[in-house]
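Summary of structural features
Here is what each chain is made of, one letter per residue.
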Amino acid sequence: MNDLLLVAGLSLLASSVVMTVTAYAAARAGRVSVVDVGWGLALIAVALVCAVLGGTWHSWLLAGLVLAWGGRLSTHIFVKSRGHGEDPRYEAMLGGTLDRVGMAHAVRKVFAVQGAAVWLVSLPLQAAAVADLEWTWIVWLGLAVWVVGVVFESVGDAQLAAYKRDPDRDPVMDRGLWSWTRHPNYFGDCCVWWGLWLAGGLASGWVAGLASLAAPIAMTIWLVWITGARLLEKTMMKRPGYPEYAARTSMFVPLPPKRG
């Protein structure tokens with residue numbers, strides 16, 4: 001129990017420190033969307049805390065997976081958003097721009113919530129740090145799911161970047177993975193965290209698996225209904241050609257595009 005409290009407490013502290021620094025950076029930049037860069041960095045910080053406290057190859061493997069995923073994601077978002085204004089999702093969430101609603105409101109609505117979300121999503125990492133590894137084969141199963149997720153995220157992001165560079169592009173991106181799902185990056189992110197739950201939580205035994213199951217479930221809910229796909233869809237549906245694209249393309253889970 002003492003080990004569990006130590007891991008949980010230090011994980012929460014690591015998440016809080018990174019989100020505090022991120023909130024300061026957001027105030028300097030004048031946009032809340034900086035938190036998207038801090039999200040990956042906060043999870044890396046928590047993963048490293050869990051690896052140090054766990055001290056096993058299992059915990060360090062999980063930390064390596066989070067480092068690879070979070071480093072790529074944070075770098076991609078930083079490069080993509082540099083020089084741009086606020087993300088419309090956050091304006092909708094806050095009810096206005098940062099200078100209008102104030103930093104205190106943004107901290108309550110975004111940064112504190114995301115800090116707590118990092119702690120919740122990292123439950124499989126915390127479980128692996130305090131529980132013995134039970135089933136090694138589930139670690140490799142989780143790794144396979146993680147790989148699928150990273151491929152969907154990275155390939156989807158690369159395809160979207162190529163589309164934006166094409167001067168003769170169609171009004172809506174519907175190529176490659178985007179012809180099978182309207183949100184390959186969100187779907188990939190979801191797979192990453194189900195893979196980490198398998199490799200970290202469930203591989204550490206039924207108790208650890210059930211205790212950390214809230215993490216991938218919560219991540220799926222956020223990615224589909226709260227901060228991800230559904231929220232973005234409200235903006236995208238106003239774009240010419242997007243409703244027609246949505247009618248033939250799966251919203252989240254990749255499926256063959258509808259014909260006709």
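What you see is a predicted model; the values in this text were computed from it and never measured.

A few points about the nonpolar core
Core analysis: the biggest nonpolar cluster contains 62 residues, and W39, V66, W69, F111 and W193 have the highest contact counts within it. W193 has contacts with L43, V66, W69, V121, P216 and M219, leaving out every residue within four places of it along the chain.

Section: the pattern of salt bridges
All chains considered together, the criterion is met by five salt bridges. E153 serves as the salt-bridge partner of R72, at 3.7 Å between the closest nitrogen and oxygen. One end of the pair, R72, is in helix 3 (residues 57-81); the other, E153, is in helix 8 (residues 136-165), with 81 residues separating them in the sequence. According to the relative accessible area criterion, R72 is partly exposed, its value standing at 24%. For E153, a relative accessible area of 2% translates into the label buried. Between D157 and R72 there is a salt bridge, and its shortest N-O distance comes to 3.0 Å. With D157 in helix 8 and R72 in helix 3, this pair connects stretches of sequence that are 85 residues apart.

A word on the packing of helix 7 (residues 123-130) against helix 9 (residues 184-201)
The interhelical angle for the contact between helix 7 and helix 9, taken along N-to-C directions, is 15°, at an axis separation of 8 Å. The angle between the axes of helix 7 and helix 9 places the two elements in the roughly parallel class. For the crossing formed where helix 7 meets helix 9, the hand is left-handed. Taken together, the residues of helix 9 that come into contact with helix 7 (itself represented by P124, A127 and A128) are L196, W197, G200 and G201. Its residues assigned to classes, the contact of helix 7 with helix 9 shows five nonpolar, two polar and no charged.

Considerations on the side chain of T220
By secondary structure assignment, the location of T220 is in helix 11 (residues 214-226). Taking the relative accessible area as the measure of exposure, T220 reaches 18% and is therefore buried. At a separation of 2.9 Å, a polar atom in the side chain of T220 contacts the side chain of W194. Excluding residues that lie within four positions of it along the chain, T220 makes contacts with C190, W194 and W225.

Some words on a positive patch on the surface
A cluster of basic side chains, namely K80, K164, R169 and R239, defines a positive patch on the protein surface. Note on placement: R169 falls in the loop between helix 8 and helix 9.

Here we look at the packing of aromatic side chains
Summed over all chains, the structure comprises seven aromatic pairs. Here the aromatic rings of W135 and W206 are separated by 5.5 Å at their centres, their planes lie at 70°, and the arrangement is edge-to-face. Of this pair, W135 sits in the loop between helix 7 and helix 8 while W206 is found in helix 10 (residues 206-211), placing the two residues 71 residues apart along the sequence. Given a relative accessible area of 59%, W206 falls into the exposed group. Judged by centre distance (5.7 Å) and plane angle (85°), the rings of W194 and W197 are edge-to-face. With a gap of three residues between them, W194 and W197 both fall in helix 9, about one helical turn apart. Judged by relative accessible area, W194 falls into the partly exposed class, the value being 27%. Through pairs of rings, three or more aromatic residues link up here, namely F152, F187 and F252. Of note, R169 hangs over the ring of Y163, and the distance from its end group to the ring centre comes to 5.7 Å.

Cut-off values and rules
- Residues numbered from 1 in each chain as written.
- Predicted model: local features only at pLDDT ≥ 70, side-chain atom pairs only at ≥ 80, totals over all residues.
- Heavy atoms only, no water.
- Core = buried A, V, L, I, M, F, W, Y, C linked by side-chain atoms within 4.5 Å.
- Buried < 20%, exposed > 50% of the residue type's maximum accessible area, 1.4 Å probe, protein only.
- Contact = heavy atoms within 4.5 Å.
- Salt bridge = Lys/Arg side-chain N within 4 Å of Asp/Glu carboxyl O.
- Helix = DSSP H or I, 4+ residues; strand = E, 2+ residues; numbered from the N terminus.
- Axes fitted to C-alpha atoms, helices over the stretch in contact; angles between N-to-C directions.
- Parallel < 35°, antiparallel > 145°, perpendicular 65-115°, else oblique.
- Left-handed = near helix turned anticlockwise from the far one by under 90°.
- Nonpolar A, V, L, I, M, F, W, Y, C, P; charged D, E, K, R; others polar.
- Polar contact = N/O pair within 3.5 Å; in protein donor to acceptor, adjacent residues only side chain to side chain.
- Patch = residues over 30% accessible without salt bridge, like charges linked within 9 Å, V, L, I, M, F, W, Y side chains within 5 Å.
- Areas by Shrake-Rupley, 256 points an atom, 1.4 Å probe, with all protein chains shown as cover.
- Lys, Arg positive; Asp, Glu negative; His and termini not counted.
- Charge placed at Lys NZ, Arg CZ, Asp CG, Glu CD.
- Phe/Tyr/Trp six-rings, centres within 6.5 Å; stacked < 30°, edge-to-face > 60°.
- Lys NZ or Arg CZ within 6 Å of the ring centre and 35° of its normal.

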